[in-house]
Amino acid sequence: MAEAHQAVAFQFTVSPEGVDLRLSHAALKQVYLAGLRSWKKKITRLRNSLVTGMFPASPASWLVMAAAILASQASRLDPSMGLIGKITEHLEVCGPARAGLGALAFATLLWLGLVVTMRGALRALLCYHGWMGEEHGRPSHATKCWLALVKIFAGRRPMLYSYQASLPRLPVPPIRDTVQRYLESMRPLLSDSHFQHTAALGRDFEHSLGPRLQWYLTLKSWWATNYVSDWWEEYVYLRGRGPLMVNSNYYAMDFLYVTPTPLQAARAGNVVHALLLYRRLLNREQIKPGTLPMCSAQYERMFNTTRVPGVEADSLQHRQDSRHIAVFHAGRFFRVGLYHGGQLLGPRELQAQFQRILDDPVPPAPGEETLAALTAGPREPWARARQTYFGSGRNQESLRAVERAAFFLTLDTTEQGLLGPEPGRALDRYAKALLHGQCHDRWFDKSFTLIVFRNGKIGLNAEHSWADAPIMGHLWEYTLATDVFQLGYGVDGHCKGELDPSIPPPQKLQWEIPEECRQVIQGSLRAAQALADDVDFHTFAFKDFGKGLIKKCRTSPDSFIQLALQLAHFRDKGKFCLTYEAAMTRLFREGRTETVRSCSIESCNFVRAMTDSAQSAAQRLALFRVAAAKHQTLYRRAMMGAGIDRHLFCLYVVSKYLGVDSPFLREVLSEPWGLSTSQTPIQQLELFDLKNHPDYISCGGGFGPVDNNGYGVSYIIIGEDLITFHVSCKFSSTETDAHRFGANIRTALLDLRALFNLPLK
């Protein structure tokens, strides 16, 4: 395609008269516009850095301060109590400007002092977490005062990264507290003899090796911005040698019941344009940080990022900008430019580009069709193949086009969504298509892959190391809302806007893949397909009731669902298991996640009561209240940096650096998570109109099973009357069945409703 039409800035011929240059003005114009755009972005970044560095003050506040001091000097008043005179004595400037410069220097010093004071006050305010223990919608007077002070010190228009320097550091919990809480979490899961053995190991660790490891960890917490995040990224994600597909990457779904257009190219045009509008806001730092200040560091690597495989460890490659995306369709790779004439391509123009790809009959080169399977399989073969076969020539150039793209787009050849006579099973296929696809039609190393199916349904697959799911969730909410409510479609289903016929067509990437490399690709593909075929998935919408009814129980919706999951799991397997629930620690600088161990002594007591016919409804209800309160306590501790697992993980890393062995830490880190859960929060409800358009909201996303014999459960609470669940496990396990567990979740939720004697809607 476009390889035959690539623009050349100049041509030359040699003649007896000399060299004859023939410049292409169109190409030179594009070079000029590209440079202009680059400088505009540099200036914007510089301005944003200055404004963020001054936060919570602003440049205007310095001008006000300087004007006030100069005015007082003109009125022969000295608010500096003689300091301006002392400053003036040290200035090597003569004439009337000397006094003015002294006044400006004093105003600047006073302003800087106020900035430091306000930032310190804001940091102290952000250390307050008392609001977590209060009932939603009924804050105490102390919390109301705290919110008012935060608004005062935070300024009127904070930018995305404005709060970064004011956020507190993640605290290191005391060893004694962590060990005690760990043992408490394990008590309902272990026999008496096993628990006594574990308790002995814990007490020995607390008084022997633990304090030594804690000293190093405390030292790191003073020196580093966050004592967990860099090790978490490196050792949990980047050093993992297993496949990213299923094991690490996760997915997000489209609207459940609505597809805005059945035209694949049109949906891709609108959604890609919406993503690029979000990127523009991100580059300008114009994304609102929210009422509650949280760390925004994870947003930095959302676009223009790829995970590069290494033999021992991967690395994240992030570029400041990218002017193209990489597109995959029917086994071929394309490079699609995003700008023309210095302007971002509109939805209609992008639709035309994607339609050209869909209509292109050129077959894939040998090995090209399954090339992306390298990113789906184990990491080491991919790293070695990358070094051997993609280090030079066409392969290097094409690989760079993929890895340096803003993101990856797959124009899928299948149709997904609520299709056919069994829409429930169709939803399961939709989930699996997003999680792994055909194992060779997603570039799993990119920060995210946008997937547009043949019938216009969309979704995305996201790499996990650079950020956690709520960050992608924020992008996805904006994208879906912008696609439908701002950009929209014509009556014929096409994108709106004008089409510029002079835009260069997409460029097909060229590959020269030798037979030896194709064998490596096939090996990765076999490993990936075996992993994908083993994934059992069940996605379903629970419509009997939702948050509206749960709130009448005067309990947290998340606690309600977590206790339902505990009851469902016990009925499913006849036993309790170690349960992982993700909680965010973004109240602290560079915070990511902490684990809530949702299976507690209190939750087990409640579940046993629900399965004991001798227990009355009043007794069960009382135990539910106790269990829900305990879950809330555990969740608050995790968000406040007083969790268990990140602290123990970092102590384990320190022990490895010191070359010492801890039987206690070894046992802690080897325990399987039989039930891994995560709630997908809706963060921008104002973008959607659930009252008039209740179907126009994403049904969330999911992830693969963490343990070979366990379940993965993701859920999203939508509006007042809907909860969507995504359940995963493995076919190879004799202990699990995704549909059986889904049925148990439904039954458990209905049993909890009956416990409160609340009517269905």
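The model shown is predicted, which means the values in this text are computed figures rather than measured ones.

**Overview of the sheet that holds strand β15 (residues 579-584)**
The strand order β14-β20-β19-β17-β15-β16 describes an open sheet built from 6 strands, whose pairing is mixed. Of all strands in the sheet, those with a lone pairing partner are β14 (535-542) and β16 (593-597), marking the two edges. Shown here is a sheet whose adjacent strand axes are inclined to one another by a mean of 20°, direction ignored. Alignment of β15 against β16, held across 5 bridges, turns out to be antiparallel. Across the sheet, Y580 pairs through a bridge with R597, a residue of β16. Against the sheet, helix α24 (residues 738-755) makes contact with β14, β17 (675-679), β19 (711-718) and β20 (722-730), and its axis sits at roughly 30° relative to β14, the strand it touches most.

**Some thoughts on the pairing of β15**
Examined bridge by bridge, β15 and β17 share 3 bridges and lie parallel to one another. Bridged to Y580 within β17 is S676.

**A look at a nonpolar patch on the surface**
A cluster of nonpolar side chains, contributed by W215, Y216, L219 and W222, occupies part of the molecular surface with about 510 Å² of accessible area. Its place among the elements puts Y216 in helix α8 (residues 209-223).

**Some details on the environment of L648**
Topologically, L648 is positioned in helix α22 (residues 645-658). Taking the relative accessible area as the measure of exposure, L648 reaches 0% and is therefore buried. Between the C-alpha atom of L648 and that of F664, which follows or precedes it by 16 residues, the distance is 9.9 Å. The contact partners of L648, leaving out residues within four places of it in the chain, are T178, Y182, F664, L665, V668 and L669.

**Digging into the packing of aromatic side chains**
Within the structure shown, the criterion is met by 34 aromatic pairs. Taken together, a centroid distance of 5.5 Å and an interplanar angle of 70° make the contact between F606 and F624 edge-to-face. With F606 in helix α20 (residues 601-610) and F624 in helix α21 (residues 617-639), this pair connects stretches of sequence that are 18 residues apart. Note on F624: relative accessible area 0%, which makes it buried.

**Some thoughts on the side chain of S662**
Relative to the elements of secondary structure, S662 occurs in the loop between α22 and α23 (663-669). Within polar-contact distance, the side chain of S662 engages the backbone nitrogen of L665 at 3.1 Å. Apart from the residues lying within four places of it in its own chain, the contact partners of S662 are F205 and L209.

**With respect to unusual backbone geometry**
When glycine is set aside, most residues are seen to have a negative phi, and most peptide bonds are trans. The phi dihedral of N304 is positive, around 60°, even though this residue is not glycine. Relative to the elements of secondary structure, N304 occurs in the loop between α10 (264-283) and β4 (305-308). For N304, a relative accessible area of 4% puts it in the buried group. Not every positive phi belongs to a glycine, and R554 is a case in point at roughly 55°. By secondary structure assignment, the location of R554 is in the loop between α18 (547-551) and α19 (557-573).

**Things to note about the environment of F703**
Tracing the backbone shows F703 in strand β18 (residues 701-703). Look at F703 and you get buried, because its relative accessible area is 16%. C-alpha separation for the pair F703 and S728, spaced 25 residues apart in sequence, amounts to 7.2 Å. Once you skip the residues sitting within four places of it in the chain, F703 turns out to touch Y250, Y251, L435, F537, S676, T677, S678, G712, V713, S714 and S728.

**Quick notes on the packing of α10 against helix α16 (residues 469-487)**
Running from N to C, α10 and α16 point in directions that differ by 125°, and their axes come no closer than 9 Å. Here α10 lies oblique to α16, going by the angle between them. Crossing hand, α10 versus α16: right-handed. Contact residues: α10 offers R267, N270, V271, H273, A274, L275, L277, Y278 and L281, while α16 offers H474, L475, Y478, T479, L480, T482, D483 and L487. Classifying every residue of the contact of α10 with α16 by side-chain character gives 10 nonpolar, 5 polar and 2 charged.

Rules of the game
- Residues numbered from 1 in each chain as written.
- Predicted model: local features only at pLDDT ≥ 70, side-chain atom pairs only at ≥ 80, totals over all residues.
- Heavy atoms only, no water.
- Pairing = 2+ DSSP bridges.
- Helix = DSSP H or I, 4+ residues; strand = E, 2+ residues; numbered from the N terminus.
- Axes fitted to C-alpha atoms, helices over the stretch in contact; angles between N-to-C directions.
- Contact = heavy atoms within 4.5 Å.
- Patch = residues over 30% accessible without salt bridge, like charges linked within 9 Å, V, L, I, M, F, W, Y side chains within 5 Å.
- Areas by Shrake-Rupley, 256 points an atom, 1.4 Å probe, with all protein chains shown as cover.
- Salt bridge = Lys/Arg side-chain N within 4 Å of Asp/Glu carboxyl O.
- Buried < 20%, exposed > 50% of the residue type's maximum accessible area, 1.4 Å probe, protein only.
- Phe/Tyr/Trp six-rings, centres within 6.5 Å; stacked < 30°, edge-to-face > 60°.
- Polar contact = N/O pair within 3.5 Å; in protein donor to acceptor, adjacent residues only side chain to side chain.
- Parallel < 35°, antiparallel > 145°, perpendicular 65-115°, else oblique.
- Left-handed = near helix turned anticlockwise from the far one by under 90°.
- Nonpolar A, V, L, I, M, F, W, Y, C, P; charged D, E, K, R; others polar.

Distances and angles like these do not, on their own, reveal function.
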